[in-house]
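Listed here are the chains, written in short residue letters.
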Amino acid sequence: MLTIVFDLDGTLIDTAPDLIDTLNLVLAREGLPRMPFEAARRLIGGGARALIERALAAEGRPATKPDMDRLFAGFIEHYSAHIADRSRPYPHVETTLDRLAAQGHRLAVCTNKLERLSRRQDTFGVMKPDPDAFRQTVRRAGGEPTTAVMVGDSGTDVRTARAANVPVIGVDFGYTDVPIATLQPDRIISSYGELPEAIAAVTASRAD
């Protein structure tokens, strides 16, 4: 059986609505205009601090470290209280995870999201794309890295999998500043209904 490790934001859960609502609150406090949803969505990836920095850069407003610390703290305070107002699992996530679990696979999440904002996550002192974050996630789930697969939406996830020498499946509906195909994961899916077949394909090819 496999250990299937998922990224969280943009892979399992569409968290963009709550992230963008919080971003626009932070911008409004600074007297800056709200960002349209699609423009802000393209800025997601790499954490809240990076999201704020990109939004400020788009407005031509550089920020000092004290400014960023203040804005980041305000972001996290609000987001913590509104983390699941509008965030939802992507279609077919729950039924697919149930199917994989029923087949005996272990399921785990490896995210760079702050620990207190991620349910049942463990902090290892390293972050993706450090492969040790992946390996320790797998071991904490009771698996072995040699029989694991990564599922993610970004270059960070692909680089993590490559560094850990495991297959990686990319989703094409997540948060990445370049098309997922350009990152060359082993397989790309457009729906969670395609995931079991993709897993079988990448593990069969690795076994050959």
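None of these values were measured; they are calculated from a predicted model. (Residues numbered from 1 in each chain as written. Predicted model: local features only at pLDDT ≥ 70, side-chain atom pairs only at ≥ 80, totals over all residues. Heavy atoms only, no water.)

Trainee: Whenever I open this one, the packing of aromatic side chains confuses me. Can you help?
Mentor: When we look at a pair of aromatic rings, we describe it by the centre distance and by the angle of the planes. For the structure shown, the criterion picks out 4 aromatic pairs. Measuring from centroid to centroid gives 6.5 Å for F6 and Y192, while their planes differ by 35 degrees, and the two rings are tilted. Here F6, found in strand β1 (residues 3-6), pairs with Y192, found in the loop between β7 (187-189) and α8 (195-207); they are 186 residues apart in sequence, far enough to count as distant. Within the aromatic cluster, the residues linked to one another by ring pairs are F6, Y90, F173 and Y192. One residue, R49, lies across the ring of F72, its end atom 4.6 Å from the ring centre. (Phe/Tyr/Trp six-rings, centres within 6.5 Å; stacked < 30°, edge-to-face > 60°. Helix = DSSP H or I, 4+ residues; strand = E, 2+ residues; numbered from the N terminus. Lys NZ or Arg CZ within 6 Å of the ring centre and 35° of its normal.)

Trainee: Before we go on, may I ask you to explain the pairing of β1 in this structure?
Mentor: Looking along a regular strand, one sees the side chains alternate between the two faces of the sheet. A two-sided burial pattern is seen for β1, the buried positions comprising T3 and V5 on one face and I4 and F6 on the other. Note that β1 and strand β4 (residues 106-109) share 4 bridges and pair parallel. From the neighbouring strand, V5 faces β4, where its bridge partner is A108. One ladder, built from 4 bridges, connects β1 with strand β5 (residues 148-152); its direction is parallel. Bridging across to β5, V5 finds its partner in M150. (Buried < 20%, exposed > 50% of the residue type's maximum accessible area, 1.4 Å probe, protein only. Pairing = 2+ DSSP bridges.)

Trainee: It is not clear to me how the nonpolar core should be interpreted in this structure. Could you clarify?
Mentor: Soluble globular proteins tend to bury their nonpolar side chains together. Of all hydrophobic cores here, the largest spans 42 residues; its most connected members are F6, L23, F75, V151, I169, Y192 and L195. The dominant element in this core, judged by the number of residues it contributes, is helix α1 (residues 16-29), at 6 residues. When sequence neighbours within four positions are dropped, the list of residues in contact with Y192 reads F6, T11, L12, Y90, P91, H92, V93, T96, V151, V171 and F173. Listed in part, the 13 residues of the second largest apolar core include V5, C110, A161 and V166. (Core = buried A, V, L, I, M, F, W, Y, C linked by side-chain atoms within 4.5 Å. Contact = heavy atoms within 4.5 Å.)

Trainee: For this particular structure, what's the right way to read the pattern of salt bridges?
Mentor: One pass over the full model with this rule turns up 10 salt bridges. Where K128 meets D7, a salt bridge forms, and the shortest distance between an N and an O atom there is 2.9 Å. On the criterion of sequence distance, the pair formed by K128 in the loop between β4 and α6 (131-140) and D7 in the loop between β1 and β2 (13-14) is long-range, its members being 121 residues apart. The same class applies to K128 as to D7, namely buried. A salt bridge links D69 to K65; the shortest N-O distance between them is 2.9 Å. Taken together, the positions of D69 and K65, both in helix α4 (residues 65-81) and 4 residues apart, correspond to about one turn of that helix. Judged by its relative accessible area of 60%, K65 is exposed. Bridged by salt links that share partners, the residues E30, R61, D67 and R70 form one connected network. (Salt bridge = Lys/Arg side-chain N within 4 Å of Asp/Glu carboxyl O.)

Trainee: Could you clarify how one ought to interpret the layout of surface pockets in this entry?
Mentor: Unoccupied space between atoms shows up once a probe the size of one water molecule is rolled over them. Roughly 150 Å³ of volume is contained in the second largest pocket. Taken together, L2, P145, T146, T147, A148, V149, A164, N165, V166, P167, T203 and R206 make up the lining of the second largest pocket. Residue assignment for the lining of the second largest pocket shows that the elements contributing at least two residues are β5 and α8. Taken together, the residues of the lining of the second largest pocket break down into 7 nonpolar, 4 polar and 1 charged. (1 Å grid on protein atoms, 1.4 Å probe; cavity = no way out; pocket = protein on both sides within 12 Å on 5 of 7 lines; lining within 4 Å. Points joined across faces, edges and corners; volume = space filled by probe spheres on them. Nonpolar A, V, L, I, M, F, W, Y, C, P; charged D, E, K, R; others polar.)

Trainee: Help me understand the packing of helix α3 (residues 48-58) against α4 in this model?
Mentor: Any two packed helices are characterised by the angle at which their axes cross and by the distance between the axes. Where α3 contacts α4, the axes come no closer than 10 Å and their chain directions differ by 120 degrees. Looking at the two axes, α3 sits oblique to α4. The way α3 lies across α4 gives a crossing that is right-handed. Along its contact with α3, which presents A48, R49, L51, I52, E53 and L56, the element α4 presents M68, D69, L71, F72, F75 and I76. Considered class by class, the residues forming the contact of α3 with α4 number 9 nonpolar, no polar and 3 charged. (Axes fitted to C-alpha atoms, helices over the stretch in contact; angles between N-to-C directions. Parallel < 35°, antiparallel > 145°, perpendicular 65-115°, else oblique. Left-handed = near helix turned anticlockwise from the far one by under 90°.)

So far we have only geometry, and geometry alone does not tell us how the molecule works.
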